[in-house]
Amino acid sequence: MQEILEALAQLRETPWYGLGPWQQHVDAGLADVTEAEIGRRIWARDGSLWSADAGEMTSIENRLGWLDLPTSMRVDVPRLEAFFVEVEVAGLERAVLLGMGGSSLAAETMAQTLDVAPNHLPLTVLDSTDPAQVQRAAGQGPLERTLFIVASKSGTTAEVDALYRYFRERLAAEAKPQAADEHAPEAAHRRDWRQQFVAITDPGTPLEKLARAEGFRAIYLNPPDIGGRFSALSLFGLVPAALVGVDLERLLARARDMALACRATVPPAENPGIVLGVVMGECARHGRDKLTLLTSPELSAFGPWAEQLIAESTGKHGVGIVPIADEPLLDPASYRDDRLFVYLRLAGADNSALDAHCAALVQAGHPVVALPLQGVYDLGGEFYRWEFATAVAGQRLGINPFDQPNVEAAKEHARRTLERYAKERALPEEPPALMDGDMRLYGPNMDTSHAATYLGEFLSQAGEHDYVAVMAYIDRTDAHEASLQALRSAIAARTRLATTIGFGPRYLHSTGQLHKGGPNTGLFLLITQDDAVDLEVPDAGYTFGVMKQAQALGDLDALRDAKRRVVRVHIQGDVAAGLDALRAAVETALA
């Protein structure tokens, strides 16, 4: 163990691999990709690496623009830095990003990891239809001094459209002169609320047309050959990063270093993107499909970004890698034999506990990879490494990592539910299988009136290599996240199963594809609530609370259509108390 600790402490630029018996599978995989010339073919945009279908090959080849971003985005750095100056001169003091999934997660990761530079704008990422979360984002600063970034690759994202309409109405109402002062001299100089909006989208989308018609302050058109989850180093990531004061040249320089290390002429065994991708793919193919991310504390925000990249790229056609982020540490003996651990280790951080944990994991027979970062700006290189690796892992798993065939299912169910609501002014609701206090449980009928017994029966279905996903359509606060982590810990400690948590509808744009399209090894606990406050979505005929509930019910239906094991728990009244009651029921069930 001491030898492992010393190796981790001496990490500088080269990753450390403690793969044990899985090294032979990785070596065989590297031999395969060497023979297949995978490095050369990725850079040649050869879609046949991932599919033999001509149409799908063309689609893939039109999704590889991310390969060039570390170099091509350098030309945009001056105008992005100038845009911040323009915003500063306009007196805008904070930024709110309205975006989902790949349109927001990289920006959130950079803002939390690289911090806000002096005299720059703090960034709030709003990727929810929860009315309390929307209300809180609106109240965190004066709206008249807020810049809103409307980000959507397709330009049709339902959540983004609803959020834009809400803030558009709020700003327009506040800027409109009142009858008593409409003739006052200052009325002529009232601010133009349209100048508080910026759009990031692909060329030709409805969002671009809207932004031009409305007269947004700026419109950023992203290269269309980049999928959302591969867009960290594109305008979707760099526009908000510039506003918070990220040194874009430095970030892109780190990404260029990684791109150079992954270039076509580098032998696969020395190519950091290929090696990590082969490790991911081969471990998953041989039963280690729960990729568990461990990070130095300063890098914790990397987890949600990597979670989306891996889950949405690999979880389809009954296969996939299940990313596990932010899971509380367990004793090494408490993990089942389905884990691969990847440790992002930041030099200079307090890594003693994680170093010891990783050493113990290796001794217990678990495969571990440690990736060294010399500083937080190495995040640019990690974005690139993991995108490259995920593309390689997709090839090893025999799937197309650039599509998301099951994402639309939950959206379509939600659309139909909202259409029904428009006619009936009520959401469809099935009878609960059980009522216990303020909890209503929806799922298979069981002969019990106690939530603990019901949940115990549900969780008892778990197989040896299953996992439990907790998906909560509630306000994403620190307190609620702590409660969900406590629930997760109770499940993990008592079952030894891998666990994930996600807030809805945010997770629909992340792990949702894996849940429906990946291996049928998940047990899904979907949590909904009665909203204490609600807000109208302008010109929609429904509220944010109704929209959120429709999304939850839509995902429930989509999971059932995919023959997944799922229970919905609806909390009436106080959410914090309800989460405590749910955790207590789980602890009783698993005692």
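Our structure is the block above this text.
Residues numbered from 1 in each chain as written. Predicted model: local features only at pLDDT ≥ 70, side-chain atom pairs only at ≥ 80, totals over all residues. Heavy atoms only, no water.

**Student:** Any chance you could explain empty space enclosed by the protein here in plain terms?
**Tutor:** Here the idea is plain: a probe the size of a water molecule rolls over the atoms and shows the empty space left. Taken as a whole, this structure holds 1 cavity of 30 Å³ or more when the rule is applied. Its volume calculated, the largest cavity comes out at about 50 Å³. Every residue lining the largest cavity is listed: Asn406, Val407, Ala410, Lys411, Leu508, His509, Gly512, Gln513 and Lys516. Those elements that provide at least two residues to the lining of the largest cavity are helix H17 (407–424) and helix H20 (512–517). (1 Å grid on protein atoms, 1.4 Å probe; cavity = no way out; pocket = protein on both sides within 12 Å on 5 of 7 lines; lining within 4 Å. Points joined across faces, edges and corners; volume = space filled by probe spheres on them. Helix = DSSP H or I, 4+ residues; strand = E, 2+ residues; numbered from the N terminus.)

**Student:** I tried to follow the packing of aromatic side chains on my own but got confused; where do I start?
**Tutor:** Any two aromatic rings considered together are summarised by their centre-to-centre distance and by the angle between their planes. Per the stated rule, a full pass over the model turns up 23 aromatic pairs. Here the aromatic rings of Phe230 and Phe402 are separated by 5.2 Å at their centres, their planes lie at 45 degrees, and the arrangement is tilted. In this pair, Phe230 sits in the loop between strand S6 (218–221) and helix H11 (235–244) while Phe402 sits in the loop between helix H16 (379–397) and H17, placing the two residues 172 residues apart along the sequence. The same class applies to Phe230 as to Phe402, namely buried. Between Tyr335 and Phe341, the aromatic rings sit 5.0 Å apart at their centres with planes inclined by 75 degrees, giving edge-to-face as the arrangement. Taken as a pair, Tyr335 and Phe341 share a single burial class, namely buried. Put simply, the rings of Phe148, Tyr164, Tyr166, Phe167, Trp193, Phe197, Phe216 and Phe544 touch in pairs and so form one group of aromatic residues. A cation sits over an aromatic face here: Arg568 above Tyr442, 4.4 Å from the ring centre. (Phe/Tyr/Trp six-rings, centres within 6.5 Å; stacked < 30°, edge-to-face > 60°. Buried < 20%, exposed > 50% of the residue type's maximum accessible area, 1.4 Å probe, protein only. Lys NZ or Arg CZ within 6 Å of the ring centre and 35° of its normal.)

**Student:** Where do I start with the environment of Ser48 in this structure?
**Tutor:** Its location among the elements puts Ser48 in the loop between helix H3 (38–43) and helix H4 (54–61). Exposure remark for Ser48: the relative accessible area of 30% places this residue in the partly exposed category. Between the C-alpha atom of Ser48 and that of Gln395, which follows or precedes it by 347 residues, the distance is 9.8 Å. Ignoring any residue separated from it by four or fewer positions in sequence, one finds Ser48 in contact with Arg41 and Met57. Polar side-chain contacts of Ser48 include one of 2.5 Å to the side chain of Asp46. (Contact = heavy atoms within 4.5 Å. Polar contact = N/O pair within 3.5 Å; in protein donor to acceptor, adjacent residues only side chain to side chain.)

**Student:** For this particular structure, what's the right way to read the nonpolar core?
**Tutor:** Most often, soluble globular proteins keep nonpolar side chains buried together rather than apart. One finds Trp66, Trp305 and Trp386 to be the most contacted residues of the largest nonpolar core, which totals 97 residues. Take this core: its biggest share by element is 10 residues, from H16. Each residue touching Trp66, except ones within four places of it in the same chain, is listed here: Asp225, Ile226, Phe230, Tyr384, Glu387, Phe388, Ala391 and Phe402. The next biggest cluster of nonpolar side chains, apart from the first, holds 33 residues, and it includes Tyr166, Leu207, Val537 and Tyr542. (Core = buried A, V, L, I, M, F, W, Y, C linked by side-chain atoms within 4.5 Å.)

**Student:** Help me understand the pattern of salt bridges, please; the structure alone is not making it clear to me.
**Tutor:** Any two side chains of opposite charge can pair, given that their charged atoms come close. This structure, assessed with the given rule, holds 42 salt bridges. Residues Arg165 and Asp161 are paired through a salt bridge, measuring 2.8 Å at the closest nitrogen-oxygen approach. With Arg165 and Asp161 both in helix H9 (residues 158–175) and 4 residues apart, the pair spans about one turn of that helix. The class for Arg165 is partly exposed, based on a relative accessible area of 21%. The structure contains a network of salt bridges with shared partners spanning Asp32, Glu282, Arg285 and Arg396. (Salt bridge = Lys/Arg side-chain N within 4 Å of Asp/Glu carboxyl O.)

**Student:** What is the right way to look at the sheet that holds strand S4 (residues 146–151) in this model?
**Tutor:** With respect to topology, 5 strands assemble into an open sheet ordered S3-S2-S4-S5-S6, the strand pairing being parallel. Edge positions in the sheet fall to strand S3 (123–126) and S6, since each of these pairs with one other strand and no more. Going across the sheet, the axis of each strand differs from the next one's by a mean of 20 degrees, ignoring polarity. Of the strand pairs in this sheet, strand S2 (residues 94–98) and S4 are connected by 5 bridges, and their pairing is parallel. The residue of S4 that forms the bridge with Ala95 is Leu147. Against the sheet, H9 touches S2, S3, S4 and strand S5 (197–201), its axis set at about 155 degrees to S4. (Pairing = 2+ DSSP bridges. Axes fitted to C-alpha atoms, helices over the stretch in contact; angles between N-to-C directions.)

**Student:** Is there a simple way to think about the pairing of S5 in this case?
**Tutor:** Within a regular strand, side chains alternate between the sheet's two faces. Counting buried positions along S5 yields 5 of 5 residues, so the element is predominantly enclosed. Burial of the side chains of S5 extends over both faces: Phe197, Ala199 and Thr201 are buried on one face and Val198 and Ile200 on the other. Examined bridge by bridge, S4 and S5 share 4 bridges and lie parallel to one another. Bridged to Ala151 within S5 is Ile200.

**Student:** Help me understand the environment of Ala532 in this model?
**Tutor:** Relative to the helices and strands, Ala532 resides in the loop between strand S15 (522–529) and strand S16 (536–537). Given the relative accessible area of 82%, Ala532 is considered exposed. Separated by 401 residues in the primary sequence, Ala532 and Pro131 place their C-alpha atoms 9.0 Å from one another.

The values are spatial; any link to function lies outside them.
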